[in-house]
Amino acid sequence: MNAAKVVEDLKQRFPNEPEYIQAVSQVLPTIEEEYNKHPEFEKTNLIERLCIPDRIIQFRVTWVDDKGVVQTNMGYRIQHNNVIGPYKGGIRFHKSVNLGILKFLAFEQTFKNSLTTLPMGGAKGGSDFSPRGKSDAEVMRFCQAFMNELYRYIGPDEDVPAGDIGVGGREVGYMFGQYKKLTHEWSGVLTGKGIPFGGSLIRPEATGYGCVYFLESMLATRNIDIKGKKVLISGAGNVAQYAAEKCIQLGATVLTMSDSDGYIYDAEGIDREKLDYIMELKNIERGRIKEYIEEYPNAVYHEGKRPWYEKADIALPCATQNEINADEAQALVDNGVIAVAEGANMPTLPDAIKIFQGAKILYAPGKASNAGGVSVSGLEMSQNSERLSWTAKEVDDYLKRIMNDIHENCIKYGTEKDGYINYVKGANVAGFMKVAKGMMGQGIV
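Since the structure is predicted, the reported quantities are computational estimates derived from the model, not experimental observations.

*Asks:* Residues and numbers for helix 2 (residues 18-35), please.
*Replies:* Under the 1.5 Å per step criterion, the end-to-end length of helix 2 is 24 Å for 18 residues, consistent within 8% with the ideal 26 Å. At Pro29, helix 2 shows its largest kink, close to 35°. The buried count for helix 2 comes to 13 of 18 residues, which makes it a mostly enclosed element.

*Asks:* Tell me about the packing of helix 6 (residues 136-150) against helix 7 (residues 169-183), and please be specific about residues and values.
*Replies:* Running from N to C, helix 6 and helix 7 cross one another at 45°; their axes reach a closest spacing of 8 Å. Classified by the angle between their axes, helix 6 and helix 7 sit oblique to one another. Between helix 6 and helix 7 lies a crossing whose hand is right-handed. Contacts from Asp136, Val139, Met140, Cys143, Gln144, Phe146, Met147 and Asn148 of helix 6 reach helix 7 at Arg170, Glu171, Tyr174, Met175, Gln178, Tyr179 and Leu182. Residues that form the contact of helix 6 with helix 7 fall into these classes: 9 nonpolar, 3 polar and 3 charged.

*Asks:* Please give an account of the packing of aromatic side chains that cites residues and values.
*Replies:* Counted according to the given criterion, the structure contains 23 aromatic pairs. With a centroid separation of 5.8 Å and 70° between ring planes, the pair formed by Phe214 and Tyr423 is classed as edge-to-face. With a gap of 209 residues between them, Phe214 in helix 8 (residues 206-220) and Tyr423 in helix 17 (residues 423-441) connect regions that are remote in the sequence. Taken individually, Phe214 and Tyr423 each receive the classification buried, so the pair is uniform in this respect. A connected cluster of aromatic rings, assembled from ring pairs, spans Phe59, Trp63, Phe93, Phe129, Phe142 and Phe146. One Lys or Arg, Lys103, reaches over the ring of Tyr20 and ends 4.2 Å from the middle of that ring. The aromatic ring of Phe176 is capped on one face by Lys193, whose charged end is 5.8 Å from the ring centroid.

*Asks:* Describe the sheet that holds strand 9 (residues 300-303), and please don't skip the residues or the numbers.
*Replies:* Read from one edge of the open sheet, 7 strands run 9-8-7-6-10-11-12, paired in mixed fashion. Two strands in the sheet have a free side with no partner beyond their single neighbour: strand 9 and strand 12 (362-364). Within the sheet, the average angular offset between the axes of one strand and its neighbour, ignoring direction, is 15°. As paired elements, strand 7 (residues 253-259) and strand 8 (residues 262-265) share 4 bridges and run antiparallel to each other.

*Asks:* Now, about the environment of Ile224: what can you tell me, with residues and values included?
*Replies:* By the element assignment, Ile224 lies in the loop between helix 8 and strand 6 (230-234). Overall, Ile224 belongs to the partly exposed group, its relative accessible area being 27%. On a C-alpha basis, the gap between Ile224 and Glu48 in space is 41 Å, while along the polypeptide they are 176 residues apart. Not counting residues within four places of it along the chain, the set of residues in contact with Ile224 comprises Leu219, Lys229 and Ile338.

*Asks:* Which residues make up the side chain of Gln79, and what values do they have?
*Replies:* For Gln79, the location among the structural elements is in strand 2 (residues 70-81). On the basis of relative accessible area, Gln79 is assigned to the buried category, the value being 2%. A polar contact is formed between the side chain of Gln79 and the backbone oxygen of Tyr153, at a distance of 3.0 Å. Leave out the neighbours within four places in its chain, and Gln79 touches Pro53, Asp54, Arg55, Ile57, Tyr87, Gly122, Ala123, Tyr153 and Asp159.

*Asks:* An account of the sheet that holds strand 3 (residues 87-93) is requested, with residue identities and associated values reported.
*Replies:* With mixed pairing, the 5 strands of this open sheet are ordered in space as 1-2-4-3-5. Two strands bound the open sheet, and with one partner strand each, they are strand 1 (55-64) and strand 5 (159-162). Sheet twist, expressed as the average angle between the axes of neighbouring strands with direction ignored, equals 20°. For strand 1 and strand 2, the ladder comprises 10 bridges, and the chain directions are antiparallel. Within strand 2, the position partnered with Trp63 by the bridge is Gln71.

*Asks:* Give a description of the state of the cysteines that names residues and reports values.
*Replies:* Tallied over the full model, the rule gives 0 disulfides. Cys211 takes part in no disulfide bond, and the closest cysteine sulfur, belonging to Cys318, lies 5.1 Å away. On the basis of relative accessibility, which here comes to 0%, the residue Cys211 falls in the buried class. The thiol sulfur of Cys410 is not disulfide-bonded, and the nearest other cysteine sulfur, from Cys211, lies at 13 Å.

What counts and what doesn't
Residues numbered from 1 in each chain as written. Predicted model: local features only at pLDDT ≥ 70, side-chain atom pairs only at ≥ 80, totals over all residues. Heavy atoms only, no water. Helix = DSSP H or I, 4+ residues; strand = E, 2+ residues; numbered from the N terminus. Expected span 1.5 Å × (residues − 1). Bend = angle between axes of the 7 residues up to and from the residue. Buried < 20%, exposed > 50% of the residue type's maximum accessible area, 1.4 Å probe, protein only. Axes fitted to C-alpha atoms, helices over the stretch in contact; angles between N-to-C directions. Parallel < 35°, antiparallel > 145°, perpendicular 65-115°, else oblique. Left-handed = near helix turned anticlockwise from the far one by under 90°. Contact = heavy atoms within 4.5 Å. Nonpolar A, V, L, I, M, F, W, Y, C, P; charged D, E, K, R; others polar. Phe/Tyr/Trp six-rings, centres within 6.5 Å; stacked < 30°, edge-to-face > 60°. Lys NZ or Arg CZ within 6 Å of the ring centre and 35° of its normal. Pairing = 2+ DSSP bridges. Polar contact = N/O pair within 3.5 Å; in protein donor to acceptor, adjacent residues only side chain to side chain. Disulfide = S-S within 2.5 Å.

Printed below as a string of structure tokens:
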């Protein structure tokens, strides 16, 4: 395989999908050496088959708002690869959603799910509908209309969606209810469900907790304790909230949180009480992070900016893709950051990754460090199949073990001659090899 040629060919075929091309171009060079050790891969054109999704489903979603006006959005499901298990991946409701973004997410999800060691393939879906500013009734009607089309293509042994940006427990519940009505069956077809109807304990916390568990494993390779460290977190949604919660529990000081309008910096630290306020603000009142300074006036709000120029020890980007550029990465390094663990998907631009790795700081890509969410989704699938509910401790213990196993695989494939652990290469090669061997074993299909 010539990685550069493959990327260029894909760029010519899909010229209007920059996020997808970015994701592929970040992965292929890191697996090129391992791929070329297996000439049987090239004989079956494995890399092209792995890069291009199995199928892409697009549909119109028509719904009626509270004023009686008919609205139209687009709906998508990218079923990328199901070699090692049913398609599995979140649904995103956000105005930025388009085909290229979902293709990148589904591609990344395939490797991430492989890393978890659980039997799950890779997929992603969503719509350019945004729940922001919509009433519960409008969100319900949209979710029902979305599921009216999607239900034909999903199932507990076929494709099991979950939540993502803009899709939390409320949205999953509405979609699950509509799926059940349409199919006349109760099955574990969606994960992230409410606890009373098949959800798993620790699922809301899993991505944020898992990110911090992975961070702990990284720090341990250098005999560093997270206790007492200062942490920058972007985002104020589910992942950011629970990453902050776990950092606080472990004795770290969280300095920042953000949303798309700007970020707050609290030099005194965001403690348990302050985090509870943020959770109520974002989850119940659906407010904006700038309201934090009205409650805690000693904090500072920076409108239209991201928190990466602040001084700290650790950075956890937990918002969205492409939120750390090269200048911000250099600022983080110059200001003493020793570790970056991604809670979001592909939040760091390629030039920024080079800066982190060039400075030899600990840097974990999202497919490794944010795999906790889909891992517990996989555990929710297991509980649904068994018709059992595990305790929070059982699920959390599983989560810790999975994140540790992912870390060990990254070390196995990513340790360089000088001892530096290239977590990007380690995660990509480990995830790739499992999928590649599965594809070889199942023939040309």
